[in-house]
Amino acid sequence: MILAACGNDCSVCPRYLPKTDEELRKTAELWYKIGYRDHVVTNEEISCTGCKPENWCRYNVIACCTARNIKSCAQCENYPCDNLLECFEVTSSFIPKCREVCTDEEFEILHKAFFEKRKNLDEAKERGEKL
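The structure presented is a predicted model; accordingly, all values stated were derived computationally and were not measured.

Let us now look at the overall build of the chain. Secondary structure summary: the chain contains seven helices and zero strands in total. Listing the helices and strands of the chain from first to last along the sequence gives α-α-α-α-α-α-α. The buried share of the chain, taken over its 131 residues, is 37%. If you take every contact in the chain between residues at least 6 apart in sequence, the share linking residues at least 24 apart comes to 60%. Approximately 8,100 Å² of the chain is accessible, and the part contributed by carbon and sulfur atoms is 49%.

What follows is the structure, given as C-alpha cells:
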C-alpha cells in the first residue's frame, strides 16, 4: 500500500503513475462519469505524480502536513481535524453516484483507493506508522 497524506491508497488509484495513455484516458472518462470533473480532461491533467506541496489539494492536506513536518494526517496530534472530517464526508458523498454509474470493478477500485481513507489513516495511527 502506498498511503497518501489524506489516507488515499495510491497503489490502486487509477490516476497514480505510471499509467499508459489509454489507462489515463479511461480514468479521465471515469472522473467525468462520476462527477469528479465537469468535462473529460487531458491525460496530463488526470495523471498524478504523488503528494507534493506544489500540487493542488482541495483540503490543503499536503500543505498542512508539510508545515507540521509530517508525511500523513495519521501522524498529526490533531487527527482527525475538522478539515479532514470534511474531506472524509465529501469523499463519501460520491459513493452513491459511483455505485450508480460504475461497473463493479470500477467501484471496487474507487472504494479501495478513496473511500477507505479514514480506515487507512486510523490503522496507520494505531500502528504509530511513520509513512
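There's more to say after this.
Ranked by size, the top nonpolar core spans 19 residues in total, and within it V61, C65, C73, Y79, L84 and L121 carry the most contacts. Listed by contribution, the elements that provide at least two residues to this core are α3 (61–67), α4 (82–92) and α7 (117–127). In terms of nonpolar packing, the next biggest core, distinct from the first, is built from 16 residues, L30, I34, I46 and C102 among them.

The geometry of an aromatic ring pair is captured by two quantities: the separation of the ring centres and the angle between the planes. The tally for this structure, following the rule as stated, stands at five aromatic pairs. When the centroid spacing of 5.8 Å and the interplanar angle of 75° are considered together, the rings of W31 and F114 count as edge-to-face. Placement of W31 in helix α1 (residues 21–34) and of F114 in helix α6 (residues 104–115) is noted, with a sequence separation of 83 residues between them. For W31, a relative accessible area of 2% translates into the label buried. The interplanar angle of 85° and the centroid separation of 4.6 Å between the aromatic rings of Y36 and F94 together place this pair among those described as edge-to-face.

For the pair α4 and α7, interaxial distance at closest approach is 10 Å and the crossing angle is 140°. It follows from the interaxial angle that α4 and α7 lie oblique. Along the contact surface, α4 presents L84, L85, C87, F88 and T91, while α7 presents K117, R118 and L121. For the contact of α4 with α7, the class distribution of residues is five nonpolar, one polar and two charged.

About the thresholds
- Residues numbered from 1 in each chain as written.
- Predicted model: local features only at pLDDT ≥ 70, side-chain atom pairs only at ≥ 80, totals over all residues.
- Heavy atoms only, no water.
- Helix = DSSP H or I, 4+ residues; strand = E, 2+ residues; numbered from the N terminus.
- Buried < 20%, exposed > 50% of the residue type's maximum accessible area, 1.4 Å probe, protein only.
- Contact = heavy atoms within 4.5 Å.
- Areas by Shrake-Rupley, 256 points an atom, 1.4 Å probe, with all protein chains shown as cover.
- Core = buried A, V, L, I, M, F, W, Y, C linked by side-chain atoms within 4.5 Å.
- Phe/Tyr/Trp six-rings, centres within 6.5 Å; stacked < 30°, edge-to-face > 60°.
- Axes fitted to C-alpha atoms, helices over the stretch in contact; angles between N-to-C directions.
- Parallel < 35°, antiparallel > 145°, perpendicular 65-115°, else oblique.
- Nonpolar A, V, L, I, M, F, W, Y, C, P; charged D, E, K, R; others polar.

Read these as layout, nothing more, since geometry by itself doesn't imply function.
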